[in-house]
Amino acid sequence: MKRHFAVIGHPIAHSLSPQMHESAFKALGLDADYLRFDVHPQQLGDAVLGLKALGFAGWNVTLPHKEAIMPYLDELTLEAQRIGAVNTVKREGSRLIGHNTDGGGFLRSVESLLGDVQGKRAAILGAGGAARGVAFALAGKGMKLEILNRTPERATRLAQDLAQAGGEAAWGSLEEGPWLTGLDLLVQTASIGLHGETYPISLRGIAKHTLVVDIIFNPWETPFLKEARKLGCQTLNGLDMLLYQGVLAWEFWFEKVAPVDVMRRALLSAL
Ligand code: NDP
């Protein structure tokens, strides 16, 4: 019997998830499809009931529903509970399980470049939903974190949540300072650069060995990432994070290894 999957969000037309997941179904000969649904926030509860009633095996959740969907689910994985957001739902019998693969996806995207991260230093710019996923994943691997956000209260809350989970994190507002020196990893998660905007702070003084990541992938190189590259740092955009959050969602649904190369090629050709 054909298994149905989907992504829900608002707006959703830009999502590359259907191409990525369908390429993997095809490569492994699975009888499954993956649809895209634009769900208005006021219709979220009805949409979840509808997907359940129609027998969908699982779905991805994107903006603005990642937090709002939680009360409609029967169970949350530890990752979803800690991050406070869900990007993947799996149906098990009549139960809906909420999971979050954003942080795990980020980790997979940088681990081949960083090696063992235990005890290394990272700064995260931004403290929204994506930053929470990244921060919990890195803290879980023993990295020492600094969270900097335009609204410092949000950075404080994230650092306190990390500390409660056994992580180590300082916090501050999004401004230049000594935090920039001695970093192993710098991650830009704020929604700045999507339209070519220049970044509010400069990276002058950053060490060349720092890996600099901007989780935005469209545009391919934001002005932030361009500055880092010009300063001699190794840089990475957010496409691999998108890829690996999809790989982990796929593996959560099917409990087998996903065809990563096929999924990467599908994403690149869809872009
Ligand atoms: P949220 O809305 O949850 O958070 C947005 C963050 O950006 C907040 O920290 C906000 O700060 C900050 N911000 C927004 N505008 C400005 C500004 N002008 N100056 C300074 N800070 C600003 O969004 P998400 O965390 O879900 O997503 C953030 C970005 O990450 C988006 O661009 C999204 O496309 C990308 N993303 C990429 C993924 C991938 O797989 N590659 C996965 C998920 C997201 P404040 O708290 O002060 O408002």
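Refer to the structure above for everything that follows.
Residues numbered from 1 in each chain as written. Predicted model: local features only at pLDDT ≥ 70, side-chain atom pairs only at ≥ 80, totals over all residues. Heavy atoms only, no water.

> I would appreciate a short explanation of the packing of aromatic side chains in the present structure.
To describe a pair of aromatic rings, you give the distance between the ring centres and the angle between the ring planes. With the rule as written, the count across this model stands at eight aromatic pairs. Taking the centre distance of 4.7 Å and the plane angle of 55° together, the rings of Y199 and F224 count as tilted. Within this pair, whereas Y199 is found in the loop between β10 (185-188) and β11 (211-214), its partner F224 is found in helix α7 (residues 223-230), the two being separated by 25 residues in sequence. Accessibility classification places Y199 together with F224 in one group, the buried group. Each residue in the set F5, F25, Y34, W250, W253 and F254 is aromatic and connected to the rest through ring pairs, giving one cluster. Positioned above the aromatic ring of F252 is the side chain of K90, whose terminal nitrogen or guanidinium carbon lies 5.0 Å from the ring centre. (Phe/Tyr/Trp six-rings, centres within 6.5 Å; stacked < 30°, edge-to-face > 60°. Helix = DSSP H or I, 4+ residues; strand = E, 2+ residues; numbered from the N terminus. Buried < 20%, exposed > 50% of the residue type's maximum accessible area, 1.4 Å probe, protein only. Lys NZ or Arg CZ within 6 Å of the ring centre and 35° of its normal.)

> What is the right way to look at a nonpolar patch on the surface in this model?
Together, W220, L268 and L271 make up an exposed nonpolar region whose accessible area comes to about 310 Å². The topology assignment puts L271 in the segment after α9 (260-270). (Patch = residues over 30% accessible without salt bridge, like charges linked within 9 Å, V, L, I, M, F, W, Y side chains within 5 Å. Areas by Shrake-Rupley, 256 points an atom, 1.4 Å probe, with all protein chains shown as cover. Salt bridge = Lys/Arg side-chain N within 4 Å of Asp/Glu carboxyl O.)

> Please clarify how the pattern of salt bridges should be interpreted in this entry.
Should the charged atoms of two oppositely charged side chains come close, the side chains can pair. Using the criterion set out here, one finds ten salt bridges in the structure. Between R229 and E221 there is a salt bridge, with the nearest N and O atoms lying 2.6 Å from each other. Across the salt bridge formed by R264 and D240, the nearest N and O atoms sit 3.4 Å from each other. One end of the pair, R264, is in helix α9; the other, D240, is in helix α8 (residues 239-254), and 24 residues separate them in sequence. Given the relative accessible area of 17%, D240 is considered buried. One continuous salt-bridge network, built from bridges that share partners, spans K90, E92 and E255.

> Looking at this structure, how should I read the layout of surface pockets?
To find leftover empty space, a probe the size of one water molecule is rolled over the atoms. Of the voids in this model, the largest pocket is the one considered here, and its volume is about 1,600 Å³. In this structure, the largest pocket is lined by 47 residues; those nearest its centre are T62, L63, K66, A130 and I215. When contributions to the lining of the largest pocket are tallied by element, the ones reaching two or more residues are β3 (58-61), α5 (129-140) and α8. The space that makes up the second largest pocket amounts to roughly 460 Å³. If you trace the second largest pocket, you find 23 residues lining it, with E79, R82, F136, A137 and G140 closest to the centre. The set of elements that each furnish at least two residues to the lining of the second largest pocket consists of α3 (78-83), α4 (102-114) and α5. Residues of the lining of the second largest pocket, tallied by class, amount to nine nonpolar, nine polar and five charged. (1 Å grid on protein atoms, 1.4 Å probe; cavity = no way out; pocket = protein on both sides within 12 Å on 5 of 7 lines; lining within 4 Å. Points joined across faces, edges and corners; volume = space filled by probe spheres on them. Nonpolar A, V, L, I, M, F, W, Y, C, P; charged D, E, K, R; others polar.)

> Got a minute to help me understand the side chain of N87 in this structure?
Tracing the sequence through the fold places N87 in the loop between α3 and β5 (88-92). Note on N87: relative accessible area 2%, which makes it buried. A polar side-chain atom of N87 sits 3.3 Å from a polar atom in the side chain of Q245. Those residues in contact with N87 that sit more than four places away from it in its chain are W59, N60, V61, K66, H99, N100, T101, D102 and Q245. (Polar contact = N/O pair within 3.5 Å; in protein donor to acceptor, adjacent residues only side chain to side chain. Contact = heavy atoms within 4.5 Å.)

> Where do I start with the sheet that holds β3 in this structure?
Read from one edge to the other, the open sheet built from six strands follows the order β2-β1-β3-β5-β6-β4, with strand pairing classed as mixed. Looking along the sheet, the strands with just one partner apiece sit at the ends: β2 (32-38) and β4 (75-76). One ladder, built from five bridges, connects β5 with strand β6 (residues 95-99); its direction is antiparallel. Across the sheet, K90 pairs through a bridge with I97, a residue of β6. (Pairing = 2+ DSSP bridges.)

> For this particular structure, what's the right way to read the site of the ligand?
As a matter of local geometry, the ligand sits amid 22 residues, with A130, N149, T151, R154 and I215 nearest to it. Burial of the ligand by the surrounding chains reaches 77%, relative to a free accessible area of 930 Å². Among the secondary structure elements, those contributing two or more residues to the shell around the ligand are α5 and α8. (Near = heavy atom within 4 Å.)

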